[in-house]
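As a plain string of letters, each chain reads:
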Amino acid sequence: DAKTTQPNSMESNEEEPVHLPCNHSTISGTDYIHWYRQLPSQGPEYVIHGLTSNVNNRMASLAIAEDRKSSTLILHRATLRDAAVYYCILRDGTNFGNEKLTFGTGTRLTIIP
Amino acid sequence: DTGVSQDPRHKITKRGQNVTFRCDPISEHNRLYWYRQTLGQGPEFLTYFQNEAQLEKSRLLSDRFSAERPKGSFSTLEIQRTEQGDSAMYLCASSLGDRGPNEKLFFGSGTQLSVL
């Protein structure tokens, strides 16, 4: 699986937007970009995913660079409940039948009240 | 939606003892995964099942580890002759198994194992 690079940690003020970056310079044309987050004492939870186009859902937005070598997870208005470790994961779109996720160390997001 | 359930939440054992963890996936999910997570690291893949068939095992899964999913529903992960290095959070996840790269994994809250 292609590798991703994320900052180890970030801080943001409550009620402000948060932009979490992810670099994936070796991404292939068939790799999907998935984001999961892990709240304290919980298992990871799905946030959002995309292939080429920007994506929005009730939790967040995913902005994918035109060359797909980077992406940004956007939390539009951070709350204290968004404090978590955020993982950016590439998933091979041609490898049907093997949908395991390969996690890195992620970005620890701290929300400042 | 009851989510993925894991039991127990915490387990303390002495080195050399055997331990068994249970995972109950979301009911209609065909795929079940086991992961291990140590402090400050992301979860590491151990193994996964498609229904009752164990389709892949990581090199991390030594001979002391065995996982089963006998009827394609719940799964157990057993660790024999535990070592202090086995101390970790053991996470279970499930998924539908038919969405390819759009597949979403749903994780339980994990079993925290401490080997003394």
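Below is a summary of the structure that appears in this document. (Residues numbered from 1 in each chain as written. Chains lettered and ligands numbered in written order. Predicted model: local features only at pLDDT ≥ 70, side-chain atom pairs only at ≥ 80, totals over all residues. Heavy atoms only, no water.)

1. Comments concerning the overall build of chain B
So, point 1. A tally of regular secondary structure across chain B gives 0 helices and 11 strands.
So, point 2. The C-alpha radius of gyration of chain B comes to 14 Å, within 12% of the 13 Å expected for a compact globule of 116 residues.
So, point 3. Based on the C-alpha atoms only, the size of chain B along its principal axes is roughly 40 × 25 × 20 Å.
So, point 4. Burial statistics for chain B: of 116 residues in total, 47% are counted as buried.
So, point 5. Total accessible area computed for chain B in this model is approximately 5900 Å², and 43% of it derives from carbon and sulfur atoms.
So, point 6. Across chain B, the 15 positively charged side chains and the 14 negatively charged ones have centroids separated by 5 Å. (Helix = DSSP H or I, 4+ residues; strand = E, 2+ residues; numbered from the N terminus. Rg over C-alpha atoms; globule rule 2.2 N^0.38 Å. Buried < 20%, exposed > 50% of the residue type's maximum accessible area, 1.4 Å probe, protein only. Areas by Shrake-Rupley, 256 points an atom, 1.4 Å probe, with all protein chains shown as cover. Lys, Arg positive; Asp, Glu negative; His and termini not counted. Charge placed at Lys NZ, Arg CZ, Asp CG, Glu CD.)

2. Observations regarding the sheet that holds strand β1 (residues 5–7) of chain B
Residue and element names in this part refer to chain B.
So, point 1. Read across the sheet, 4 strands follow the order β1-β3-β8-β7 without closing on themselves; strand pairing throughout is antiparallel. The sheet terminates laterally at β1 and β7 (65–68), the two strands that pair on one side only. Going from strand to strand, the sheet's axes swing by 15° on average, the running direction of each strand aside.
So, point 2. Sheet topology note: the β7/strand β8 (residues 75–79) ladder contains 4 bridges and is antiparallel. Note on β8: the bridge partner recorded for Glu 68 is Thr 76. (Pairing = 2+ DSSP bridges. Axes fitted to C-alpha atoms, helices over the stretch in contact; angles between N-to-C directions.)

3. Observations concerning the nonpolar core
A general feature of soluble globular proteins is that nonpolar side chains tend to end up buried together.
So, point 1. Among the nonpolar cores identified, the biggest contains 20 residues, and A:Leu20, A:Ile33, A:Trp35, A:Leu73, A:Leu75, A:Tyr86 and A:Leu109 are the most heavily contacted of them.
So, point 2. Broken down by secondary-structure element, the contributors of at least two residues to this core are β2 (18–23), β3 (31–38), β4 (45–50), β6 (61–64), β7 (70–75), β8 (84–92) and β9 (107–112) of chain A.
So, point 3. The element contributing the most residues to this core is β8(A), with 4 residues.
So, point 4. The next biggest cluster of nonpolar side chains, apart from the first, holds 19 residues, and it includes B:Val19, B:Phe21, B:Leu32 and B:Leu113. (Core = buried A, V, L, I, M, F, W, Y, C linked by side-chain atoms within 4.5 Å.)

4. A few points about the pairing of strand β5 (residues 44–50) of chain B
Residues and elements named next belong to chain B.
So, point 1. Most of β5 is tucked away: 5 of the 7 residues are buried.
So, point 2. The pairing of strand β4 (residues 31–37) with β5 spans 6 bridges and is classified as antiparallel. Across the sheet, Tyr 35 pairs through a bridge with Phe 45, a residue of β5.
So, point 3. In textbook terms, the turn of a hairpin is the stretch between consecutive antiparallel strands, and for β4 and β5 this stretch comprises 6 residues, one of which, Gly 40, has a positive phi near 85°.

5. Some words on the pattern of salt bridges
Residues and elements named next belong to chain B.
So, point 1. Counted according to the given criterion, the structure contains 8 salt bridges over all chains.
So, point 2. A salt bridge links Arg 22 to Asp 24; the nearest nitrogen and oxygen atoms lie 2.7 Å apart.
So, point 3. Looking at Asp 24, the relative accessible area reads 28%, which means it is partly exposed.
So, point 4. In this structure, the salt-bridge partner of Asp 86 is Arg 64, at a minimum N-O distance of 2.8 Å. Pair noted here: Asp 86 is in the loop between β8 and β9 (88–95) and Arg 64 is in the loop between β6 (53–57) and β7, with a separation of 22 residues, a long-range link. Considered together, Asp 86 and Arg 64 belong to a single accessibility category, that of buried residues. (Salt bridge = Lys/Arg side-chain N within 4 Å of Asp/Glu carboxyl O.)

6. Considering the sheet that holds β6(A)
Residues and elements named next belong to chain A.
So, point 1. Pairing is antiparallel across the open sheet formed by 4 strands, whose spatial order is β2-β7-β6-β5. The sheet terminates laterally at β2 and β5 (55–56), the two strands that pair on one side only.
So, point 2. Bridge count for β5 against β6 is 2 bridges, and the pairing is antiparallel. Across the sheet, the residue bridging to Asn 56 is Ser 61, located in β6.

7. Describing the interface of chain A and chain B
So, point 1. The partner chain B presents 22 residues to the 22 residues of chain A that form the contact.
So, point 2. Between chain A and chain B, the buried area comes to about 1800 Å², and carbon and sulfur atoms account for 53% of it.
So, point 3. On the surface where chain A and chain B come into contact, there are 1 salt bridge.
So, point 4. For the pair chain A and chain B, the interface holds 11 residue pairs in polar contact (both at pLDDT 80 or more).
So, point 5. Those elements that place two or more of their residues in the side of chain A that touches chain B are β3, β4 and β8 of chain A.
So, point 6. In terms of residue count, β3(A) provides more of the side of chain A that touches chain B than any other element does, 4 residues in total.
So, point 7. Of the residues belonging to the side of chain A that touches chain B, the class tally is 8 nonpolar, 11 polar and 3 charged. (Contact = heavy atoms within 4.5 Å. Buried area = accessible area lost by both parts, 1.4 Å probe. Polar contact = N/O pair within 3.5 Å; in protein donor to acceptor, adjacent residues only side chain to side chain. Nonpolar A, V, L, I, M, F, W, Y, C, P; charged D, E, K, R; others polar.)

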